[in-house]
Amino acid sequence: MIEAEAFARRRGGWFKNPVILKELRGRMRGARAFAVLSVYLLLMVGFALLLYVLASASQDVFGFTSGGQIGRTLFTGIIGIQLFLVTFIAPAFTASAISGERERQTYDLLKTTLLPAHSLVIGKLLSALSYVFLLLIAAVPLQSIAFLFGGVTELEVVLAFVILSVTTITLGSTGLYFSAARTRTLSANVTTYSVTLLITVGLPMLIFILIALFSSLLGARQADIAVEVQVLLLYGLLALSATNPLVAAFLTQYWLLNKQSAFVFYETITSTTGIIQVPLISPWIVFSAVYLLIALILVIRTVRRVRRIEN
Amino acid sequence: MSEQMPESFEGGVPLSAPEAPIAPAIDESDLIVETRGLVKRYGKLTAVNDLSLSVPRGAIYGFVGPNGAGKTSTMRILTTLMLPTAGQAYVAGYEVTKQPRAVRRVIGYMPDYFGVYDDMKVWEYLDFFAACYEIPESSRPRMIADLLDLVDLSHRRDDMVDKLSRGMKQRLCLARTLVHDPQVLILDEPASGLDPRARVEIRELMVELARMGKTIFFSSHILADVAEICTHIGIVEAGRMVMQGSMESIRRQLSPHREAIVTLLDRLEDAKSALSGVQGVLAVTVLPDEGGRKRLRVTFDGEDALLSAMVQTLAAQGIPVLNFSEQAQDLESVFMKVTKGIVS
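Residues numbered from 1 in each chain as written. Chains lettered and ligands numbered in written order. Predicted model: local features only at pLDDT ≥ 70, side-chain atom pairs only at ≥ 80, totals over all residues. Heavy atoms only, no water.

(A) Seen up close, the overall build of chain B. When helices and strands are tallied, chain B shows eleven helices and 15 strands. By residue count, 53% of the 344 residues in chain B fall in the buried class. Summarising the internal contacts of chain B: among those between residues at least 6 apart in sequence, 70% fall at separations of at least 24. A total of about 14,800 Å² of accessible surface is found on chain B, and carbon and sulfur atoms cover 50% of it. (Helix = DSSP H or I, 4+ residues; strand = E, 2+ residues; numbered from the N terminus. Buried < 20%, exposed > 50% of the residue type's maximum accessible area, 1.4 Å probe, protein only. Contact = heavy atoms within 4.5 Å. Areas by Shrake-Rupley, 256 points an atom, 1.4 Å probe, with all protein chains shown as cover.)

The following block contains the structure:
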């Protein structure tokens, strides 16, 4: 007890925000937080093992010998499942953040204190996200197993982490926004998950259909299509990647493998008028910029919502 | 009241005149809470209707009215949680809609529900709110200890909040309203939902806080609570202020004369004639016997010396008096007189 208080007195930085301290204290108290972490890691390990077994079995059947193939399958699989989990966990932690205060009838008490609205919102967001980040970071060693098999570079691990983090922040902010906008946690959850599902499942399906259509068009008679149209399609594809983490990750990896670059590179376009080089930015950059901007807007709107005095 | 007062609070706050339950002199013109023509409408429903209230600094102001009379709406406006439809509200000189932050600094608000975090320890709960009020960390441990001492929860300091009884939670909430040492406490139905013992404890705490110099503005529909501890009272009905002022002025307005009840062993008629002869006595009426005891009601007009004169007269004639007490005007009857029962 005494140590806890001494710590409380010594702490500085972001622990100065009373909401963060309170939330983290509540979340990490007892065995629950550690149990959740353990179960999460066990599930991930189980999934990785399953992938490994499947990948090696398929190698036996088809006679591949590349260890890199196993490494790549493991890595992609783990990132995929993490993206899936983050999509569901991040909003779950934030969608109840403010509506929960209302339901617990503590919202009014907080509003009559001197706690600024932005401290409440940022505090709620950071404390919820920090636990999701704990889950993400705890799984990094698991992703890194792929190194043992080769085929995956450090850069890919870093990029995957960036995409996961950005997704966490934006979906967390989405949950927080609806938590402030709706009175009830249930309604906040329903809205948040509807939006999240639209972004993570609806959009990629649409995008993949579009890509399939375009590539069949481009692939057949690429050289016949006017340069302008081709450039437009290419940039359109890049813009679409900014709407979805899965698409962004997929395209980033595609260009990383084909162009050996995760930043700026040139795509060659052939047409009847000749061959030109089109400069492109790696999709993860566009995705991160767009998603972080959305997160910022959502946080600002949430703060405004919280600051408002009931009419 | 004063005998029941806890003597435990010695945390650096001077106890002034322990026998006087109420802060000494109240300047009626020094208003700390004031509303002018306050109106709050929810659609077609008018919850607060041209309400003007005046709470002098240092008062224990009972805001009384039936459920739905607009008490909570008024309090939510005063605590900056809600905007009024029309009219002005001031707390410590600050307009609530224009300077909400300044208002929040001087008020401590306790709503008519607990509002506790179950996953926190008692001291953490107070520490959290102290942090929200920007109380420096260095002064928090001492302040929390003093507050827990005041509300008699020191022994539950490290317990989880959800382990506390209703009465304890209510006391903890009261302690929470005090973390930033506010000038005014705005308490919405502080005694509702509590058992009789807890109710008495909360009431004693309110008196104690008034002695410490806090102005207490609280709402209630339980008149007994109000009558016992208030210095001022405002009776509200259907969003309108029906009557307000100091307890004394309200009593005087409603019944201009004072009353005393005399219980006798015997010699009823002697006592009646003796009392009728005392100057200032207006009427002496015989009341029905109560448990075999004879009783008289004396209506009089005058200061306390007159009461003493009556007792002396009776004693001088050797009349066996069992009990002699001034009858305080029953607030329940005051309430029934001024309200029309529009809302109930």
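(B) Fine view of the environment of A:Gly80. All names here are of chain A. Take Gly80: it is sitting in helix 4 (residues 67-94). Classification of Gly80 as partly exposed rests on a relative accessible area of 30%. In the structure, Gly80 is positioned 166 residues away from Leu246 in sequence and 7.9 Å away in space, judged by C-alpha atoms.

(C) Broad picture of the interface of chain B and chain A. Contact residues are listed per partner, giving 37 residues for chain B and 27 residues for chain A. Where chain B abuts chain A, roughly 3,200 Å² becomes buried across the two surfaces, and 59% of that area is made up of carbon and sulfur atoms. Among the residues chain B hides against chain A, the three largest losses belong to B:Leu81, B:Tyr117 and B:Glu137. Together they make up 19% of the total. Scanning the region where chain B abuts chain A turns up five salt bridges. Of the charged contacts in the structure, one is a salt bridge between A:Arg29 and B:Glu124, with a shortest N-O distance of 2.4 Å. (Buried area = accessible area lost by both parts, 1.4 Å probe. Salt bridge = Lys/Arg side-chain N within 4 Å of Asp/Glu carboxyl O.)

(D) Structural detail: the packing of aromatic side chains. By the definition in use, this model includes 16 aromatic pairs over all chains. Relative to B:Phe217, the ring of B:Phe63 lies with its centre 5.2 Å away and its plane at 35 degrees, an arrangement referred to as tilted. With a gap of 154 residues between them, B:Phe63 in strand 4 (residues 60-64) and B:Phe217 in strand 9 (residues 215-220) connect regions that are remote in the sequence. Exposure class is identical for B:Phe63 and B:Phe217. Each is buried. Directly above the ring of B:Tyr117 sits A:Lys22, whose terminal nitrogen or CZ lies 3.9 Å from the centroid. Its end group placed over the ring of B:Tyr42, B:Lys40 keeps NZ or CZ at 5.6 Å from the ring centre. (Phe/Tyr/Trp six-rings, centres within 6.5 Å; stacked < 30°, edge-to-face > 60°. Lys NZ or Arg CZ within 6 Å of the ring centre and 35° of its normal.)

(E) The arrangement of the sheet that holds strand 12 (residues 258-264) of chain B in detail. All names here are of chain B. Across the sheet, which stays open at both edges, the four strands sit in the order 13-14-12-15 with antiparallel pairing between neighbours. The open sheet has two edge strands, strand 13 (281-290) and strand 15 (321-327), and neither has a second partner. Across the sheet, the mean angle from the axis of one strand to that of its neighbour is 20 degrees, orientation sign disregarded. Strand direction decides the pairing type here: strand 13 and strand 14 (residues 293-300), joined by seven bridges, are antiparallel. Looking across to strand 14, one finds that Thr285 is bridged to Arg297. Contacting strand 12, strand 13, strand 14 and strand 15, helix 10 (residues 304-316) runs over the sheet at an angle of about 165 degrees to strand 15. (Pairing = 2+ DSSP bridges. Axes fitted to C-alpha atoms, helices over the stretch in contact; angles between N-to-C directions.)

(F) Spatial organisation of the packing of helix 10 (residues 154-181) of chain A against helix 14 (residues 283-307) of chain A. Residues and elements named next belong to chain A. Orientation of helix 10 relative to helix 14, taken along the N-to-C sense of each, is 25 degrees, at an axis distance of 9 Å. If you check the angle between helix 10 and helix 14, you find them roughly parallel. The two elements helix 10 and helix 14 meet at a crossing, and its hand is left-handed. Of the residues that constitute the contact of helix 10 with helix 14, the class distribution is 18 nonpolar, six polar and two charged. (Parallel < 35°, antiparallel > 145°, perpendicular 65-115°, else oblique. Left-handed = near helix turned anticlockwise from the far one by under 90°. Nonpolar A, V, L, I, M, F, W, Y, C, P; charged D, E, K, R; others polar.)

(G) Seen up close, unusual backbone geometry. The phi angle at A:Gln105 is positive, at roughly 65 degrees, despite the residue not being glycine. If you trace the backbone, A:Gln105 turns up in the loop between helix 5 (97-103) and helix 6 (107-111).

(H) Quick look at the sheet that holds strand 9 of chain B. Residue and element names in this part refer to chain B. Taken together, six strands build an open sheet; the order of strands is 7-8-9-4-10-11 and the sheet is mixed. Across the chains shown, the open sheet's two edge strands, defined by having one partner strand only, are strand 7 (107-110) and strand 11 (240-246). Recorded for the sheet is a direction-independent mean angle of 15 degrees between the axes of neighbouring strands. The pairing of strand 8 (residues 184-187) with strand 9 spans four bridges and is parallel. Bridge assignment links Leu187 to a residue of strand 9, and that residue is Phe218. Relative to strand 9, helix 1 (residues 71-78) is tilted by about 150 degrees, and along the sheet it contacts strand 4, strand 7, strand 8, strand 9 and strand 10 (232-237). With respect to the sheet, helix 5 (residues 166-177) is in contact with strand 7 and strand 8, its orientation differing from that of strand 7 by roughly 160 degrees.

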